[in-house]
Structures are given as structure tokens and as C-alpha cells.
Amino acid sequence: MSHSLQLLNWYFEHQRRLPWRETSDPYKIWVSEVMLQQTQVDTVIDYFNRFMEAFPSISHLANAQEPQVLKLWEGLGYYTRARKLLSCAREIVLNHNGRFPEEFESVLKLPGIGPYTAGAVMSIAFNQAYPAVDGNVMRVYSRLYNLYDDISLPKTRKSIEQLVIANLPQDRRHYNQALMELGAMVCRPKDPLCGHCPVSLCCMSLEAGTQLELPVKAKKPQKRIIRMAVAYVRRGEDLFIVKREEPGLLHGLWGLPMTEFDDMEEAQTMLRTHMADTYQVLLEEGAYRGMKKHVFTHLVWEMHLFAYKLDFADALYENRAAETEGIYADPTHWMPHDSLKTLAFPTAIHKLFQIIQDV
Ligand code: SF4
């Protein structure tokens, strides 16, 4: 027995009302799908509404400046997603007359769009027969078919995609969303609500009693921990901030100066040396303010915060010396504290600002 009809009926009755479900505009569906990668639905709603208010169409987004986009993304994390959205919007304006392409192959060629997002937009916006297999869908299908294949392997995703295609009803627009919704609301990872499940009669793992063993996912290697000494340097009302210019983590975002260290006893010495060598800012002994952790996809930052107050005259002297040598090409290193709101800081740095407010 196919589960599609029961699933769709359940979805029409029980789905959560979400702003991106009120539309078939491919732009809005695309933005919501990108935001929903790695982020909870409840968090995304406000970000999505603000983003649509600022950039109601692809051409509005394409005309935006990167700092504007990053500011609206602030706190969502995984900032590469925001940059790719922007470059993708520009490419759509340049090569597709500002209209989201309707061919799956053209969509896959756009920057930052993989098979999942392409499938979601194709099916939800254009009702085309493509699967959109995310973690929720892999869990639901592993259980429905009692599959013990490792879902972290690409070949498992491919075989589940084939199964989804085989089950797609005429209403593709809602089937993929219904599967995701079932995974989020009923077929939950640790406590599936099988007694309330609309597809329980077709569920092989329920029959076998194996729901909690599935899906199978190989354990990821432990994340590397990197210890960072971070400087919070005030000069009167100004704070010393730096833009992360190097490619990689948090590229293009503002932050506090920091350097890696191993031994806690050496942390402050290394930080002061880093400040002197990199920014020509000479610091006296500072005060230790505490530690915050921030978890990225592959690693963890253990950030130890040190606070410093610079003498205004000393700082001016340092700035003058630096300007003479042409080091401060960017004078915005010193930022009035009440202007910080205008810049995009990642969540990791907001955690450190929180320490300062709590002291
Ligand atoms: Fe998931 Fe239980 Fe429904 Fe099977 S019956 S799909 S395990 S919630």
C-alpha cells in the first residue's frame, strides 16, 4: 500500500502555517530552504520575514551590498550560505533575466544550489517530479522501509531519492513538504509518535519494532578543539575590531582580534604579541573575563576573553605611528561602541560581548 494519500491528507490538516508555505514564488522557497539548512524552523521565521522585507525579489537581492545581506543573516551562522545567495541572485539576473530557472539542470549550475535545494524548489514552486531528500526524509524513509543503510553515504541518499521518486504522487508540490513535516513533527529522531502517525499502516520498522534503531548513521570523528585568546580592547568609547579577511571561517565578518594558543599560561603573552605584531597595538597586562565555546561544523572554538583599556594618548600615538607606516589602511578598526549594531558580527563574537555585559 502506498502511503502518499494518507500522508497528504494528514499534511493538509496538520501542517504548521509558515510564511514560505503561503507562496509558490521560487525565490521565496529557495531563500527559505537555504535558511532552513542547519537552522530550526522557529528561528528562521523572523529572519525570513526580515529578509523578504528588505529584498522582496531576486533583483532586489542582486542589487544589495554584501554587508547588508550579512547583517540580515547575523546570528543564523554558516555565512557562506548568505554570500552564495547573493552571488546566485546576481547570476540569475545576469543570465536568466531575473527569473528563477525552471529546468533542474540549470538550477544545479547556480552557485550554492545542490540537489536537495534544487529538488525542493522544482517540486514546491513548479510541481515537478523531483525528490527533496534532507535528514528528516532519510529518517522517515529508513523507517518506512526498515532500511539499515548508512544515511551518511551518498549512495544511500541516491537510493532513497529513487524510492521517493517512485512514490511521488501528482501533487509533488505538497508531497515533499509533507514528508519533511512528518519527520519534524511525528517521526521524530528519539521519540517517534507512531500512535499518531498517518502512515503507520505502511511502516515496516513499526511492524518490526526497529524504529529506534533507525536511521543508521556512521559516527562522525570528534570535532577538533581550537583554543583562542581573544582581545577586547577599549579606548574611551571605542572598541578595537577587525574584519576577517582571510578565506575560511567567518570570512568577511567583523570580530575581535584573536590568536590560537595551547597552554593557558601563555595565552595572554601570545595575544599581546599578536596585537603588537599584527596591529601595532601595545597592550599592558589585561584582565581575564572568561571563556565561551562556539561549535562549527568541523571544529570547536574555545574562546578565552581578555579585556584591556588603552590610554587615549598612547592609542593616538600608536595610530599615528601606524598611519605613518601605512599599516592602518582601514581606520574602522576603532569603532564607537554604540555603532557596533550597524556591523555584522557572528554569533561566536556575540557570545563574548555577552560576557562583557555580564561583568
Ligand atoms: Fe515513523 Fe513511527 Fe510513523 Fe513509522 S510509524 S513512519 S516510525 S512515526
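Just above sits the structure.
Residues numbered from 1 in each chain as written. Predicted model: local features only at pLDDT ≥ 70, side-chain atom pairs only at ≥ 80, totals over all residues. Heavy atoms only, no water.

*Asks:* Explain the packing of helix α2 (residues 26-36) against helix α8 (residues 115-126) here, please?
*Replies:* Helix-helix packing is characterised by the crossing angle of the two axes and by the distance between the axes. Running from N to C, α2 and α8 cross one another at 145 degrees; their axes reach a closest spacing of 9 Å. Crossing of α2 over α8 shows right-handed handedness. On the side of α2, the interface is formed by Pro-26, Ile-29, Trp-30, Glu-33 and Val-34, while α8 contributes Tyr-116, Thr-117, Ala-120, Val-121, Ile-124, Ala-125 and Phe-126. (Axes fitted to C-alpha atoms, helices over the stretch in contact; angles between N-to-C directions. Helix = DSSP H or I, 4+ residues; strand = E, 2+ residues; numbered from the N terminus. Left-handed = near helix turned anticlockwise from the far one by under 90°. Contact = heavy atoms within 4.5 Å.)

*Asks:* What should I look at first to understand the packing of aromatic side chains in this one?
*Replies:* Aromatic rings in a pair are described by how distant their centres are and how their planes are angled relative to each other. Considering all chains together, one arrives at 13 aromatic pairs under this definition. Pairing Tyr-11 with Phe-12 gives two aromatic rings, centres 6.1 Å apart and planes at 55 degrees, and the pair type is tilted. Given the relative accessible area of 1%, Tyr-11 is considered buried. Pairing Phe-51 with Trp-73 gives two aromatic rings, centres 6.1 Å apart and planes at 80 degrees, and the pair type is edge-to-face. On the criterion of sequence distance, the pair formed by Phe-51 in helix α3 (residues 41-54) and Trp-73 in helix α5 (residues 66-73) is long-range, its members being 22 residues apart. (Phe/Tyr/Trp six-rings, centres within 6.5 Å; stacked < 30°, edge-to-face > 60°. Buried < 20%, exposed > 50% of the residue type's maximum accessible area, 1.4 Å probe, protein only.)

*Asks:* I keep staring at empty space enclosed by the protein and nothing clicks. Help me out?
*Replies:* Which parts of space are left empty comes out when a probe the size of a water molecule is rolled across the atoms. Applying the stated rule across the entire model yields one cavity of 30 Å³ or more. Roughly 120 Å³ of volume is contained in the largest cavity. For the lining of the largest cavity, the secondary-structure elements that each account for two or more residues are α9 (135-144) and α12 (204-208). At three residues, the largest contribution of residues to the lining of the largest cavity is made by α9. (1 Å grid on protein atoms, 1.4 Å probe; cavity = no way out; pocket = protein on both sides within 12 Å on 5 of 7 lines; lining within 4 Å. Points joined across faces, edges and corners; volume = space filled by probe spheres on them.)

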